[in-house]
Amino acid sequence: NTMATPFLCRPFEHGADIVVHSTTKFLSGHGNAMGGAVVDSGKFDWAKNDKFPALAQPEPAYHGLAFQETFGDLAFTIYGHAVGLRDLGPTMAPFNAFLTICGVETLAVRM
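Residues numbered from 1 in each chain as written. Predicted model: local features only at pLDDT ≥ 70, side-chain atom pairs only at ≥ 80, totals over all residues. Heavy atoms only, no water.

Colleague: Could you give me a rundown of the overall build of the chain, with the residues and numbers involved?
Modeller: Helix and strand content of the chain: 6 helices and 2 strands. In sequence order, the chain lays out its α and β elements as β-α-β-α-α-α-α-α. The burial tally for the chain puts 23% of its 111 residues in the buried class. Element-wise, carbon and sulfur atoms account for 62% of the exposed surface of the chain, whose accessible area totals about 7300 Å². Here the chain holds 7 positive side-chain charges and 10 negative ones, and the gap between their average locations is 9 Å. (Helix = DSSP H or I, 4+ residues; strand = E, 2+ residues; numbered from the N terminus. Buried < 20%, exposed > 50% of the residue type's maximum accessible area, 1.4 Å probe, protein only. Areas by Shrake-Rupley, 256 points an atom, 1.4 Å probe, with all protein chains shown as cover. Lys, Arg positive; Asp, Glu negative; His and termini not counted. Charge placed at Lys NZ, Arg CZ, Asp CG, Glu CD.)

Next comes the structure, spelled out in structure tokens:
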């Protein structure tokens, strides 16, 4: 979702399992810092079929850790954080994080 703020549009209440937000537009309230957020509802069963082996089966790079079995509802969140940082390195700069959190603190007032 890049147009509606998560404060007003509540996609988990409409059945979404994963939501991608643009923090640049509505969360920050300014265009000073670019960013995004991936939010998992924690309700999807990643192990119910074989379509998601990265989450349901043991991961050799993490010494046989099975994310769904080990972390349960947080499996996608932990997987995205661990593997994403390892393979891609998407880390927000500290000052951009500060600008974003300053904008999030005023989100309720702006809505």
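Colleague: Hey, could you go over the pattern of salt bridges for me, with residue numbers and the actual values?
Modeller: Scanning the entire structure with this criterion turns up 2 salt bridges. A salt bridge links Arg86 to Asp87; the nearest nitrogen and oxygen atoms lie 2.7 Å apart. According to the relative accessible area criterion, Arg86 is partly exposed, its value standing at 41%. (Salt bridge = Lys/Arg side-chain N within 4 Å of Asp/Glu carboxyl O.)

Colleague: Let's hear about the packing of aromatic side chains: which residues, and what values?
Modeller: Enumeration according to the criterion identifies 8 aromatic pairs in this entry. Here the aromatic residues Phe44, Trp46, Phe52 and Phe76 are joined through ring pairs into a cluster of three or more. (Phe/Tyr/Trp six-rings, centres within 6.5 Å; stacked < 30°, edge-to-face > 60°.)

Colleague: Explain helix 4 (residues 75-87) to me, and be specific about the residues and the numbers.
Modeller: The first and last C-alpha atoms of helix 4 sit 17 Å apart over 13 residues, in line with the 18 Å expected at 1.5 Å per residue. Along helix 4, the residues classified as buried are Ala75, Val83 and Gly84. Along helix 4, the residues classed as buried sweep out an arc of 120 degrees about the axis, all on the same side. Buried-residue contacts for helix 4 involve helix 2 (53-56) and helix 3 (67-71). Immediately downstream of helix 4, the backbone of Gly89 shows phi near 75 degrees, a positive value. (Expected span 1.5 Å × (residues − 1). Arc of directions from axis to C-beta. Contact = heavy atoms within 4.5 Å.)

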